[in-house]
Amino acid sequence: MLVSVSCSKEELIDSNEELVDLVEEDTEEVVEDESEDENEDVSEGENEGENEDENEGTDTFTVSEDILELVNRHRISIGKSALIRNSMADEIAVEHSNYMISKGAISHDNFMLRFQKLQQEVNASAASENVAAGYTSAESVMSAWLNSSGHKNNIEGNFTHIGIASVKDSQGRYYYTQLFYR
């Protein structure tokens, strides 16, 4: 089952659950800097029926590179500019993926601290994130994000840079974090 939680700055809806292609979506409040921040997002999923050995031997850097390629391919296909990958944002994303692994669950815990760090380190004026777990490939997690309106809004948002992490836990399950900023 795939589970997604989308956070939006426009409104606070505590329980707006909708089952779409085995994706459950719930909208909550987002954290923003000035006034134009897009969305903050969460996804969790397990792809039943997929080959569990699909990424065996694939290092996490390659999966993150594949995600970047897929994000930018999608953005370009809709007339948006490609996002620039930032190593500082990557480090923050890796820290958050490791945090989620330590908790055994996906979350946006401490998103404001990640945003503040982006403000301090790279002068970010707005930020958003997508997180996920359990998807076995860049293609499967991107497909889930693009089939969720909140996640898709982040991918298509008014951002210039991205940080990406795809980190495996001790059981070989990926935890993903995408940080978008401008």
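The structure this text deals with has already been given above.
Keep in mind the model is a prediction, meaning the values are calculated, not measured. (Residues numbered from 1 in each chain as written. Predicted model: local features only at pLDDT ≥ 70, side-chain atom pairs only at ≥ 80, totals over all residues. Heavy atoms only, no water.)

Student: Would you mind showing me how to read the overall build of the protein chain here?
Tutor: Check the secondary structure of the protein chain and you find five helices and nine strands. Ordered by position from the N terminus, the helices and strands of the protein chain form the series β-β-β-β-β-α-β-α-α-β-α-α-β-β. By the burial criterion, 48% of the 182 residues in the protein chain qualify as buried. In the protein chain, once contacts between residues fewer than 6 apart in sequence are set aside, the share between residues at least 24 apart is 68%. Total accessible area on the protein chain stands at roughly 8,600 Å², and carbon and sulfur atoms take up 44% of it. (Helix = DSSP H or I, 4+ residues; strand = E, 2+ residues; numbered from the N terminus. Buried < 20%, exposed > 50% of the residue type's maximum accessible area, 1.4 Å probe, protein only. Contact = heavy atoms within 4.5 Å. Areas by Shrake-Rupley, 256 points an atom, 1.4 Å probe, with all protein chains shown as cover.)

Student: Can you help me understand the pattern of salt bridges in this one?
Tutor: On inspection of all chains with the given rule, the structure shows six salt bridges. Ionic pairing is found between Asp90 and Arg85, a salt bridge with its closest N-O pair at 2.9 Å. By relative accessible area, Asp90 is classed as buried at 14%. When the shortest N-O distance is used, the salt bridge between Glu156 and Lys152 registers 4.0 Å. Exposure remark for Lys152: the relative accessible area of 31% places this residue in the partly exposed category. Linked through salt bridges whose partners overlap, the residues forming this network are Glu65, Arg85 and Asp90. (Salt bridge = Lys/Arg side-chain N within 4 Å of Asp/Glu carboxyl O.)

Student: What's the story with the sheet that holds strand 8 (residues 161-168) in this structure? I'm lost.
Tutor: Sheets are built from strands that pair by backbone hydrogen bonding, the pairs being arranged parallel or antiparallel. Read across the open sheet, the four strands follow the order 6-8-9-7; overall the sheet is mixed. Of all strands in the sheet, those bounded by a partner on one side alone are strand 6 (84-85) and strand 7 (127-133). With two bridges joining them, strand 6 and strand 8 adopt parallel strand pairing. Each residue of the ladder has a partner; that of Arg85, found in strand 8, is Ile162. Sitting on the sheet, helix 2 (residues 87-103) is in contact with strand 6, strand 7, strand 8 and strand 9 (174-181), with an inclination near 35° to strand 8. In the packing of helix 3 (residues 111-122) onto the sheet, contacts are made with strand 7 and strand 9, and the angle to strand 7 comes to roughly 130°. (Pairing = 2+ DSSP bridges. Axes fitted to C-alpha atoms, helices over the stretch in contact; angles between N-to-C directions.)

Student: Honestly, the pairing of strand 8 in this entry has me stumped. Any pointers?
Tutor: Successive residues of a regular strand alternate their side chains across the two faces of the sheet. Of all eight residues in strand 8, six are buried, a share of seventy percent or more. In the sheet, strand 8 pairs with strand 9 via eight bridges, with the strands oriented antiparallel. Bridge pairing links Val167 to Tyr175 in strand 9. Between the antiparallel neighbours strand 8 and strand 9 lie five residues, among them Gly172 with a positive phi of about 85°.

Student: Can you walk me through unusual backbone geometry in this structure?
Tutor: As a rule of thumb, non-glycine residues mostly have phi less than zero, and peptide bonds are mostly trans rather than cis. Phi is positive for Asn110, which is not a glycine, with a value near 65°. Tracing the backbone through its elements, the reader meets Asn110 in the loop between helix 2 and helix 3. Its identity as a non-glycine residue notwithstanding, Asn123 has a phi of 60°, on the positive side.

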